[in-house]
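Secondary and tertiary structure notes
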Amino acid sequence: MPDGAAPILDVNNLKTIFRTRDGEVHAVNSVSFDVGPGELLGVVGESGSGKSVTMMSLMGLLPSPPAEIVSGEILYQGSDVRKMSEAQLRDLRGGDVGFVFQDPMTSLNPVFTVGYQLVEPLQIHMGLSKKAARARAAELLDLVGIPDARKRLSDYPHQFSGGMRQRVMIAIALACDPKLLIADEPTTALDVTIQAQIIELVRDLRQQLGMAIVWITHDLGVVAGIADRVMVMYGGQIVEHAPVGELFANPQHPYTRALLETVPRVDGTRDARLRSIQGQPPSLAAHPASCPFAARCGHVFDRCLVENPERRDVGARHDVACFWDARTREPYNG
Amino acid sequence: MADGGDPRVLVRVDGLKMHFPIHEGLLRRQAGSVKAVDDISFEIFEGETLGLVGESGCGKSTAGRTILRLYQPTEGVIEIDGRDISTLEGTALRDLRPTMQMIFQDPQASLNPRMTVGSIIAEPLSEHHAMNATDRRNKVYELLDAVGLNRDFANRYPHEFSGGQRQRIGIARALALNPKFIVCDEPIAALDVSIQAQVVNLLEDLQEKLGLTYLFISHDLSMVRHLATRVAVMYLGKIVELAPRDALYNDPKHPYTQALLSAVPNPDPKTEAVRERIILTGDVPSPANPPQGCNFCTRCPKVMDRCRVEEPTWRDLGQGRYAACHLLEDA
Ligand SMILES: Nc1ncnc2c1ncn2[C@@H]1O[C@H](COP(=O)(O)OP(=O)(O)OP(=O)(O)O)[C@@H](O)[C@H]1O
Ligand SMILES: Nc1ncnc2c1ncn2[C@@H]1O[C@H](COP(=O)(O)OP(=O)(O)OP(=O)(O)O)[C@@H](O)[C@H]1O
Ligand SMILES: [Mg+2]
Ligand SMILES: [Mg+2]
């Protein structure tokens, strides 16, 4: 975040749980972060670590029950999202805040044409006439690289390929010039050339509109190329957070280090077998009383099993939640 | 692959076309067609992994679905194990299902939201095998273990899972019937790198143990490089290049393959800042209205006059390499 500028989104100690037949699932535990205007925050982490649930919690998108935000403060431009009415929230979601969902098929409505789903928010939030909205809708589809955009407005989601559906979602999220874009794995279904085009588009919008972005991805190549800062999630918590260059140069958390080592590269030598992180992800059944990574960690020692580490500052705007000190390679004293 | 001798062909695709009709107007008259797959031919050898790559919308999923006969092909031949299945219907087709399976791109859409994960995975078992309840449950547990999911998850419903967890449920389901041939449609796109590695290692182990054959559809070129024996590159409904893995990555012949490989990002902010990409410009044509001549002529950095009028033929370049490009024709 540029120094001094107030964050557009400021999240403190967010906790979200699900109440299920088999008990509670502590999906998000004391998560805190902020995003400044025009900034791009990358979010990476293990599958099931709470990335999507965190972002859905922010905009009241989780059905309750079973989901419940048990504590935390979510400030959007200084106002508390948790205190907003359903109408205010709806206004925020379609207008100021664009959301790209991880699973396009569940968030696109199968019974309406793609054109309808793009035109509607443009009429409601941007006050466009039907004709102007249709023209703008075609322009948006074209911007995300859908050929023959005008004609395809009258097609239904199932007539699009997986990656095209994802791009339709991106077009809808960008339709109303959002100030904040929350994109949950927005390019997983896209090949590298179209991914590059989308990234270019998002860069332009950041510059032109000062749009802030939270970009969830498991693609560390994408993070390396676009993020200003990165936060790493594991077991419902933020385990590490740093500016992008610093994170790649000096990963501190054993999970982050293991993650960086598992990435296959197109230019490197080809390994006979891919590296993966051994062991199972943690159970989220209870609020963790130990480090969630302890069972899989190569540096684990007694303290990790009885206490859940808090995030501590390691300089260079970098913090890590770990009792082991990656620099001295010894337990951290403090 | 069989030891010594020539590898055995398990899947043969010849001149395959899948066109979707476009209907227009009040009477929904057919006004043309989307040529999603437009005349592709290739073979897949027993025990190998053929990678299928290409940009979004080029027809990869449609090709995979048509080969498994989830669609009725518009034209062309599909042979599995020497048997022509392109026109099979009804029970004859259903009887083939256990041998060929698909892992779907869209995990959410392919899992019934009203069924528990256990019953989703067990469904093909009950449909095709006489198995008692205990054996079935044990098999479900075994499959959950295999894809790295907790056994307790068997009683949960799909919406209670993260995107990556759902994808693994689809994989467990596809493996249930010990198929011979699996079309994997972006099976790992939704997974984090560590679990990607876990799933890819699993697919490789199963291949080794059971001699499985894969058509592996993916846009992740680093993963395809790891997994594939040979790679086919698709563009706008056609295959433009096919080659053994190392040959393709070290020395791509087709200008589209070259552009595609140059665009792969690296997990390193330093090299990312200086990497040179071939950025493709020009219109991306629609499969409803492909250009005259070569399908890639509107964006090819090396386009010649001839490419705009004459379609390049699919030629054998030797050493198992094939491509369709006028530049590669021996003078
Ligand atoms: N409706 C629900 N009921 C119970 N548990 C849930 C529900 N939705 C999500 N969870 C659990 O919450 C945890 C966090 O899920 P989330 O979707 O946030 O993961 P993620 O980090 O986005 O993973 P991925 O990379 O696979 O998308 C997971 O363990 C998931 O099983
Ligand atoms: N049922 C359908 N009806 C009409 N058109 C379709 C249908 N299914 C696919 N198409 C069209 O066929 C083309 C190829 O789609 P396909 O899903 O095969 O692409 P893909 O290569 O798998 O792309 P992606 O990487 O985005 O998943 C697209 O233009 C798509 O819009
Ligand atoms: Mg997610
Ligand atoms: Mg597809």
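Our subject is the structure that appears above.
Residues numbered from 1 in each chain as written. Chains lettered and ligands numbered in written order. Predicted model: local features only at pLDDT ≥ 70, side-chain atom pairs only at ≥ 80, totals over all residues. Heavy atoms only, no water.

Some points on the overall build of chain A
- Across its full length, chain A holds 12 helices and 14 strands.
- In terms of overall size, chain A behaves like a compact globule, its C-alpha atoms giving a radius of gyration of 21 Å where 334 residues would be expected to give roughly 20 Å.
- Taken over the C-alpha atoms alone, chain A extends approximately 65 × 50 × 45 Å along its principal axes.
- Here chain A holds 334 residues, and 54% of them are scored as buried.
- Summarising the internal contacts of chain A: among those between residues at least 6 apart in sequence, 62% fall at separations of at least 24.
- For chain A, the accessible surface area stands at approximately 13,800 Å², while carbon and sulfur atoms represent 51% of it.
- Here chain A contributes 33 positive and 39 negative side-chain charges, whose respective centroids are spaced 5 Å apart. (Helix = DSSP H or I, 4+ residues; strand = E, 2+ residues; numbered from the N terminus. Rg over C-alpha atoms; globule rule 2.2 N^0.38 Å. Buried < 20%, exposed > 50% of the residue type's maximum accessible area, 1.4 Å probe, protein only. Contact = heavy atoms within 4.5 Å. Areas by Shrake-Rupley, 256 points an atom, 1.4 Å probe, with all protein chains shown as cover. Lys, Arg positive; Asp, Glu negative; His and termini not counted. Charge placed at Lys NZ, Arg CZ, Asp CG, Glu CD.)

Considering the site of ligand 1
- Near ligand 1, the surroundings consist of 23 residues, among which Ser47, Gly48, Ser52 and Gln102 of chain A together with Gly164 of chain B are the closest.
- Taken together, the residues near ligand 1 originate from chains A and B.
- Between ligand 1 and Ser49 of chain A there is a distance of 3.2 Å, counted from an oxygen atom to a backbone nitrogen or oxygen.
- Within the contact set of ligand 1, an oxygen atom lies 3.0 Å away from a backbone nitrogen or oxygen of Gly50 of chain A.
- Protein chains shield 94% of the accessible area of ligand 1, which is 640 Å² for the free molecule.
- Taken together, the elements giving at least two residues each to the shell around ligand 1 come down to strand S1 (9–20), strand S2 (23–35) and helix H1 (51–58) of chain A together with helix H6 (163–175) of chain B. (Near = heavy atom within 4 Å. Polar contact = N/O pair within 3.5 Å; in protein donor to acceptor, adjacent residues only side chain to side chain.)

What about the packing of aromatic side chains?
- Counted according to the given criterion, the structure contains 11 aromatic pairs over all chains.
- Their ring planes at 75° and their centres at 5.6 Å tell us that Tyr255 of chain A and Phe293 of chain A sit as a pair that is edge-to-face. Remark: Phe293 of chain A occurs in the loop between helix H11 (254–262) and helix H12 (302–306) and Tyr255 of chain A occurs in helix H11; sequence separation between them is 38 residues.
- By relative accessible area, which is 3% here, Phe293 of chain A ends up buried.
- When the ring centre of Phe160 of chain A is taken as reference, the NZ or CZ atom of Arg152 of chain A above it lies at 4.3 Å.
- Looking at Arg156 of chain B, its charged tip hangs above the ring of Phe161 of chain B, at a distance of 5.3 Å from the centre. (Phe/Tyr/Trp six-rings, centres within 6.5 Å; stacked < 30°, edge-to-face > 60°. Lys NZ or Arg CZ within 6 Å of the ring centre and 35° of its normal.)

Some thoughts on the layout of surface pockets
- Counted as a void, the second largest pocket has a volume near 1,300 Å³.
- If you trace the second largest pocket, you find 47 residues lining it, with Arg152, His158, Gln159 and Phe160 of chain A together with Phe20 of chain B closest to the centre.
- When residues of the lining of the second largest pocket are traced back to their parent elements, those giving at least two are helix H6 (149–152) and helix H7 (162–174) of chain A together with strand S1 (9–24), strand S2 (29–45), helix H1 (60–67) and helix H3 (107–110) of chain B.
- In the lining of the second largest pocket, the residues fall into 16 nonpolar, 18 polar and 13 charged. (1 Å grid on protein atoms, 1.4 Å probe; cavity = no way out; pocket = protein on both sides within 12 Å on 5 of 7 lines; lining within 4 Å. Points joined across faces, edges and corners; volume = space filled by probe spheres on them. Nonpolar A, V, L, I, M, F, W, Y, C, P; charged D, E, K, R; others polar.)

Observations concerning the site of ligand 2
- Near ligand 2 lie 22 residues; those nearest to it are Gln159, Ser161 and Gly163 of chain A together with Ser56 and Thr62 of chain B.
- Arg152 of chain A has a polar side-chain atom sitting 3.0 Å from an oxygen atom of ligand 2.
- With respect to ligand 2, the side chain of Ser56 of chain B contributes an N or O atom lying 2.6 Å from an oxygen atom.
- A total of 640 Å² of accessible area belongs to ligand 2 in isolation, and the protein chains cover 93% of it.
- A molecule is said to occupy a pocket when more than half its atoms come within 2 Å of that pocket's grid points, and by this definition ligand 2 occupies the second largest pocket. (Sits in = over half its atoms within 2 Å of the grid points.)

A short note on the coordination of the magnesium ion (ligand 3)
- Coordination sphere of the magnesium ion (ligand 3), protein contribution only: Ser52 of chain A (OG) and Gln102 of chain A (OE1), at 1.9 to 2.1 Å. Of this pair, Ser52 of chain A sits in helix H1 while Gln102 of chain A sits in the loop between strand S6 (97–100) and helix H3 (104–107), and the two are 50 residues apart along the sequence. (Donors = N, O, S within 2.8 Å, 3.2 Å for Na, K, Ca; no water.)

Structural notes on the side chain of Gln166 of chain A
- Its place among the elements puts Gln166 of chain A in helix H7.
- Beyond its immediate sequence surroundings of up to four residues, Gln166 of chain A is in contact with Pro104, Glu185, Pro186, Thr187, Thr188, Ala189 and Leu190 of chain A.

Topic: the side chain of Thr116 of chain B
Residue and element names in this part refer to chain B.
- Tracing the backbone through its elements, the reader meets Thr116 in the loop between H3 and helix H4 (117–128).
- Reaching out from Thr116, the side chain makes a polar contact with the side chain of Ser119 at a distance of 2.6 Å.
- When residues no more than four places from it in sequence are discounted, the contact partners of Thr116 are Ala154, Asn155, Arg156 and Tyr157.

Describing the sheet that holds strand S8 (residues 213–217) of chain B
All names here are of chain B.
- Spatially, 8 strands are ordered S6-S7-S8-S3-S9-S10-S12-S11 in an open sheet, and the strand pairing comes out mixed. Each of the sheet's edge strands pairs with one partner strand only, and the pair in question is strand S6 (100–103) and strand S11 (315–318). Recorded for the sheet is a direction-independent mean angle of 20° between the axes of neighbouring strands.
- Pairing between strand S7 (residues 181–185) and S8: 5 bridges, direction parallel. Within the sheet, the bridge partner assigned to Phe181 lies in S8 and is Thr213.
- Against the sheet, H1 touches strand S3 (49–54), S6, S7, S8 and strand S9 (230–235), its axis set at about 155° to S8.
- Together, S3 and S8 form the strand contacts of helix H7 (residues 193–210), whose direction differs from that of S8 by roughly 155°. (Pairing = 2+ DSSP bridges. Axes fitted to C-alpha atoms, helices over the stretch in contact; angles between N-to-C directions.)

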